[in-house]
Amino acid sequence: MMRIVLLSLACAAVVSSTSGVAKKIQRNINEWNKDVACWGRENALKYHVGLVNAIEQCSEFGSPASLVKPANPWQTAPQPIPSSPFQTLPASVSRLNPAKYQNWNSIWANYLGNNVRQRRQATDGLLETDEEDFQEFLEDFEEYKEDMGTKMGNLTCVLTKMGMLDSALQVNLAMYTGGFWDNYDLSKTLAASDPLWRQMMTSGFTDCYSIAQTFPQEALDKNPVSKVFGRHMIFFKCAAKVSKKCCYEAEMYDWIKTLYGEDPSFNWAQFGLPNNKYELAALTVKVMTETASDEEEFVGDFFYGDAHV
């Protein structure tokens, strides 16, 4: 019975797979176009080629055999250096027993306890299942754990190759706040040559680091992956939002300045508006969008609406 249900779901998935692939392609193209607009074509090429090379170099890193090597991504991180202004992430890993986290299965076993091997005591449900179905589910669960371990191991390798993690597999904040800017030609970017814009970026990354540090461990402990890597995940998600926000604001500033010009000496604060030109541009575009007439909205949807690849 369970096989029939899964087969039906698989058939339904095939119907929508084409749309899913198209959305991924569109996502990747949009990301490339965003990077070119913000960082310049040469810098975007350097970054994306580096990412492709890192993926190729790390293609075998996520194999289960690599998880038991001394430098595996599941090993407990070393204690933070006392003189460091930021505590090493993840902050509370040092309280865990290193022996329990030497491989992916241990992480899941520690989370699930011994419950997975108990005989299933199910009440009557709408679908009939037997012990064979239960054993099949356990096999699928083992495969799921192995796949997740492979993906996380591969991602850890790529992040290290890209300099986003340091040799101790901790967030490389020094790269985000300093070394990053030395790797690219700032003259080719939209706004990175402006100290104000760079400060917006680095301040945002530092805030992300602080948020990841102070996030309640109790919430992270609810999931076996976030229990060990949750602070990393929080930082990278937050850092991506900071980068996207700053790039969008730089593009909106360039757009407003090109279309309407600017007066750098004008005091916008007297009207309750920000003097930061990037924040001002973002607010200006928001006001213009919110106050557009129905006719302007209709024409805009025609020319700028998503055509769906």
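This one's a predicted model, so the numbers in the text were calculated from it and none came from an experiment.

## Looking at unusual backbone geometry
So, point 1. Positive phi, close to 65 degrees, is recorded for leucine 169, a residue that is not glycine.
So, point 2. Note that leucine 169 resides in the loop between α4 (131–161) and α5 (173–182).

## Notes on the confidence of the model for the protein chain
So, point 1. Per-residue pLDDT for the protein chain averages 81, and the proportion of residues at 70 or more is 73%.
So, point 2. Predicted confidence is poor over residues 64–102, with pLDDT under 50, and the contacts of this stretch with residues over four places away or in other chains come to 79 contacts.
So, point 3. Taken together, the stretch residues 111–116 has pLDDT below 50 and engages in eight contacts with residues farther than four places along the chain or on a different chain.

## Here's the deal with the packing of aromatic side chains
So, point 1. All told, the structure shown has 15 aromatic pairs when counted by the stated rule.
So, point 2. When the ring of tryptophan 39 is compared with that of tryptophan 181, the centres are 6.1 Å apart and the planes differ by 45 degrees; the resulting orientation is tilted. Here tryptophan 39 is found in helix α1 (residues 2–39), whereas its partner tryptophan 181 is found in helix α5, with 142 residues between them in sequence. By the burial criterion, tryptophan 39 is buried, and tryptophan 181 matches it.
So, point 3. Where phenylalanine 141 meets tyrosine 144, the ring centres are 6.5 Å apart and the plane angle is 20 degrees; that geometry is what we call stacked. Within this pair, phenylalanine 141 and its partner tyrosine 144 are both found in helix α4, separated by three residues, close to a single helical turn.
So, point 4. Of the residues examined, phenylalanine 141 reaches a relative accessible area of 16% and is grouped as buried.
So, point 5. Through successive ring pairs, a cluster of aromatic residues spans Trp39, Phe180, Trp181, Tyr184 and Trp197.
So, point 6. Lying across the ring of tyrosine 184, lysine 46 places its NZ or CZ 5.5 Å from the centre.

## Quick notes on the nonpolar core
So, point 1. Within the largest apolar cluster, 37 residues are counted, with the highest numbers of intra-cluster contacts made by Trp39, Tyr176, Trp181, Trp197, Phe235 and Phe236.
So, point 2. Those elements that provide at least two residues to this core are α1, α5, α6 (195–214), α8 (224–260) and α9 (277–290).
So, point 3. Here this core gets 11 residues from one element, more than from any other, and that element is α8.

## Focus on the packing of α6 against α8
So, point 1. At a closest axis distance of 8 Å, the pairing of α6 and α8 adopts a crossing angle of 160 degrees. As the angle between them shows, α6 and α8 are arranged roughly antiparallel. Where α6 crosses over α8, the two elements pack in a sense that is right-handed. Counted together, Trp197, Met200, Met201, Gly204, Phe205, Cys208, Tyr209, Ile211, Ala212, Gln213 and Thr214 of α6 and Arg231, Ile234, Phe235, Cys238, Ala239, Val242, Ser243, Cys246, Cys247, Glu249 and Ala250 of α8 form the full contact between these two elements.
So, point 2. Tallied by class, residues from the contact of α6 with α8 come to 16 nonpolar, four polar and two charged.

What counts and what doesn't
- Residues numbered from 1 in each chain as written.
- Predicted model: local features only at pLDDT ≥ 70, side-chain atom pairs only at ≥ 80, totals over all residues.
- Heavy atoms only, no water.
- Helix = DSSP H or I, 4+ residues; strand = E, 2+ residues; numbered from the N terminus.
- pLDDT = per-residue confidence, 0-100.
- Contact = heavy atoms within 4.5 Å.
- Phe/Tyr/Trp six-rings, centres within 6.5 Å; stacked < 30°, edge-to-face > 60°.
- Buried < 20%, exposed > 50% of the residue type's maximum accessible area, 1.4 Å probe, protein only.
- Lys NZ or Arg CZ within 6 Å of the ring centre and 35° of its normal.
- Core = buried A, V, L, I, M, F, W, Y, C linked by side-chain atoms within 4.5 Å.
- Axes fitted to C-alpha atoms, helices over the stretch in contact; angles between N-to-C directions.
- Parallel < 35°, antiparallel > 145°, perpendicular 65-115°, else oblique.
- Left-handed = near helix turned anticlockwise from the far one by under 90°.
- Nonpolar A, V, L, I, M, F, W, Y, C, P; charged D, E, K, R; others polar.

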